[in-house]
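Structure assessment
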Amino acid sequence: MEGSKLEQLWSLTAIPDVTWQMVVMWGVVAVLFYLAVWRQFEPLLLIPIAFGALLANLPTEGLVNAPVNGEAGGLYYYISMGVKLEIFPPLIFLGVGALTDFGPLIANPRTLLLGAAAQFGVFATFFGATMLGFTPQEASAIGIIGGADGPTSIFLANKLAPDLLAPIAVAAYSYMALVPMIQPPIMRALTTEAERKIRMQSLRPVSRLEKLIFAALVTIVVILLVPAASALIGMLMLGNFLRESLVTERLTKAAQNEVVNVTTILLGTSVGITMTGERFLDASTLKILALGIVAFGVSTAAGVLMAKLMNLVSKTKINPLIGSAGVSAVPMAARVSHNEGQRADPNNYLLMHAMGPNVAGVIGTAVVAGYFIAWFGG
C-alpha cells in the first residue's frame with residue numbers, strides 16, 4: 001500500500017519528464033546568469049533571456065501551451081505574441097529613440113559613413129552563411145547579428161527565419177554584452193598608437209530645431225527608400241522627436257523608463273522561452289554562434305578601416321577608434337571607443353564623437369534589415 005502511494009506521488013511530479021537536453025540547457029542558462037550577474041554583461045537583457053530559457057527547459061504546465069477545446073492557452077502563449085506580431089522590437093526602438101541624442105551625428109555628419117561601414121560585417125556574414133548552407137532568408141537574419149542590435153535581430157529573424165529566432169537572439173545579445181571584450185583587441189590590431197592618440201575638434205552645438213528636422217527628415221527619407229523598415233525607423237524617430245520637442249516630458253519619461261523596461265522583460269523572456277534543448281542543441285546553432293562572432297568582428301574592423309581611409313582624404317582627422325562604434329550597441333560601443341582612446345592618452349575624450357557613428361549604426365542596421373525583408377520576405 002505504501003509503495004503504491006509513493007508511486008502515485010512520483011507520478012504527480014514532473015521529474016520523469018526531464019530530458020538530457022534540458023539538463024544541458026541548464027548549464028547554458030548558468031553561463032548566461034554568470035555573465036549577467038557576476039560579470040554584469042548586459043544584465044537587463046541577459047537575465048530575462050536566461051530565466052525564460054530556464055522555464056523553457058523545465059516540464060512546465062500552463063506556460064506555453066496553445067488553447068485547446070476552448071480552454072485558455074499558457075501565459076507565454078499570449079505574451080510571445082508580442083514577438084510574433086512584431087510589437088516588442090519597435091517598442092524597444094521607441095525607448096532607444098527617447099534615450100538617444102542625435103546631436104553628435106548632426107554636428108559631424110561624415111560619421112554616418114562609419115555607421116554605414118559597420119554594415120559590411122552584415123553582408124559579409126550573409127554571404128558566409130549562404131556558403132554554409134543556410135537559405136537567403138536565414139542568412140539575412142544571421143548576418144544582422146553583425147549590427148549588434150538585438151531588437152532588430154529579433155524583428156528580422158521573426159519575419160524571415162522564425163525557427164532560428166532563439167540562437168540568433170542569444171548570439172546577438174550575448175555579443176552585445178561582450179563588446180568590451182571583443183572589440184578592443186581588433187581596434188588595437190588595426191591602429192597605431194599615434195592614431196589612437198588623435199584628438200578631434202570639439203563638436204558644434206546643435207539646436208533643438210535641427211534635431212527635430214533631422215528626426216522628421218530621416219523618417220521620411222528612410223521610409224520612402226526602404227518602406228519595410230517603417231516600424232523600426234518610425235518608432236525610433238517618434239521616441240527621439242518626443243525627447244527633442246521638450247514639451248512632452250511625461251511621454252518621454254514613459255518611453256525611456258516604463259515602456260522600455262516592461263517591454264525588455266517581456267521580450268527577453270519571450271525569446272528565452274523558445275530556447276528548448278531540442279531546438280537549441282543542434283549543429284545550426286553552433287554555426288550561428290560562430291557566424292555571429294565573425295559578423296561582429298568584421299563590422300568592428302570595417303568601421304575602424306573606414307575611419308583610416310577617410311583620414312587619407314580629409315584635412316580634419318578622425319580618431320579611427322570611433323569607427324568601431326559604428327555597430328549599434330548604444331551606448332556601450334561608444335564607451336569602448338572612449339576607453340581605448342584614454343588608454344593611449346588619458347586626456348583624450350572621444351565619447352561624444354563616438355556617439356555619432358554609434359547612432360548612425362542604429363539607423364543603418366534598421367535600413368539593412370528593411371532591405372533584407374523587402375528582398376527576401378516575399
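Thresholds, definitions, all that
- Residues numbered from 1 in each chain as written.
- Predicted model: local features only at pLDDT ≥ 70, side-chain atom pairs only at ≥ 80, totals over all residues.
- Heavy atoms only, no water.
- Core = buried A, V, L, I, M, F, W, Y, C linked by side-chain atoms within 4.5 Å.
- Buried < 20%, exposed > 50% of the residue type's maximum accessible area, 1.4 Å probe, protein only.
- Contact = heavy atoms within 4.5 Å.
- Salt bridge = Lys/Arg side-chain N within 4 Å of Asp/Glu carboxyl O.
- Helix = DSSP H or I, 4+ residues; strand = E, 2+ residues; numbered from the N terminus.
- Axes fitted to C-alpha atoms, helices over the stretch in contact; angles between N-to-C directions.
- Left-handed = near helix turned anticlockwise from the far one by under 90°.
- Nonpolar A, V, L, I, M, F, W, Y, C, P; charged D, E, K, R; others polar.
- Polar contact = N/O pair within 3.5 Å; in protein donor to acceptor, adjacent residues only side chain to side chain.
- Phe/Tyr/Trp six-rings, centres within 6.5 Å; stacked < 30°, edge-to-face > 60°.
- Expected span 1.5 Å × (residues − 1).

**Topic: the nonpolar core**
- Counting 103 residues, the largest nonpolar core has F102, I142, M237, M275 and I363 as its most contacted members.
- Beyond its immediate sequence surroundings of up to four residues, F102 is in contact with F214, L236, M237, N240, V359 and I363.

**Some details on the pattern of salt bridges**
- All chains considered together, the criterion is met by 11 salt bridges.
- Its salt-bridge partner being R188, residue E340 comes within 2.9 Å of it at the nearest N-O pair. Here R188 lies in helix α13 (residues 179-190) and E340 lies in helix α20 (residues 332-344), a separation of 152 residues in the sequence.
- What you see here is one network of salt bridges that share partners, running through D101, K211, R243 and E244.

**A look at the packing of helix α6 (residues 88-99) against helix α16 (residues 230-245)**
- Running from amino to carboxyl end, α6 crosses α16 at an angle of 30 degrees, the nearest separation of the two axes being 6 Å. In the crossing of α6 with α16, the sense of the turn from one axis to the other is right-handed. Contacts between α6 and α16 involve P89, P90, L91, F93, L94, V96, G97, A98 and L99 from the former and A231, L232, M235, L236, L238, G239, N240 and R243 from the latter.
- Of the residues contributing to the contact of α6 with α16, the split by class is 13 nonpolar, 3 polar and 1 charged.

**Remarks on the side chain of D345**
- With respect to the helices, strands and loops of the structure, D345 is situated in the loop between α20 and α21 (351-376).
- By relative accessible area, which is 12% here, D345 ends up buried.
- Side chain to side chain, D345 and R199 meet in a polar contact 3.0 Å long.
- Aside from chain neighbours lying at most four places away, what touches D345 is K197 and R199.

**What to know about the packing of α6 against helix α17 (residues 249-272)**
- In contact at an axis separation of 8 Å, α6 and α17 are set at 145 degrees when each is read in the N-to-C sense. When you trace α6 past α17, the crossing you get is left-handed. Across the interface between the two elements, F88, L91, I92, L94, G95, A98 and L99 of α6 pack against T252, A255, Q256, V259, V260, T263, T264, L266, L267 and S270 of α17.
- Along the lines of polarity and charge, the residues of the contact of α6 with α17 split into 11 nonpolar, 6 polar and no charged.

**Some remarks on the packing of aromatic side chains**
- Considering all chains together, one arrives at 11 aromatic pairs under this definition.
- Their ring planes at 40 degrees and their centres at 5.5 Å tell us that F102 and F214 sit as a pair that is tilted. Here F102 is found in the loop between α6 and α7 (103-107), whereas its partner F214 is found in helix α15 (residues 208-225), with 112 residues between them in sequence.
- A relative accessible area of 2% places F102 in the buried class.
- Measuring from ring centre to ring centre gives 6.0 Å for Y371 and W375, while their planes differ by 15 degrees; the resulting arrangement is stacked. Here W375 and Y371 lie together in helix α21, a separation of 4 residues that amounts to about one turn.
- Within the aromatic cluster, the residues linked to one another by ring pairs are F123, F126, F127, Y371, F372, W375 and F376.

**Section: the environment of N358**
- The topology assignment puts N358 in helix α21.
- Note on N358: relative accessible area 0%, which makes it buried.

**Some details on α20**
- For α20, which comprises 13 residues, the first-to-last C-alpha distance of 19 Å matches the rise-based estimate of 18 Å (1.5 Å per residue) to within 8%.
- Of all the residues in α20, the buried ones are M332, A333, A334, V336, S337, H338, E340, G341 and A344.
- The elements touched by buried residues of α20 are α12 (165-177), α13, α14 (193-196) and α21.

Nothing here speaks to function; it is all geometry.
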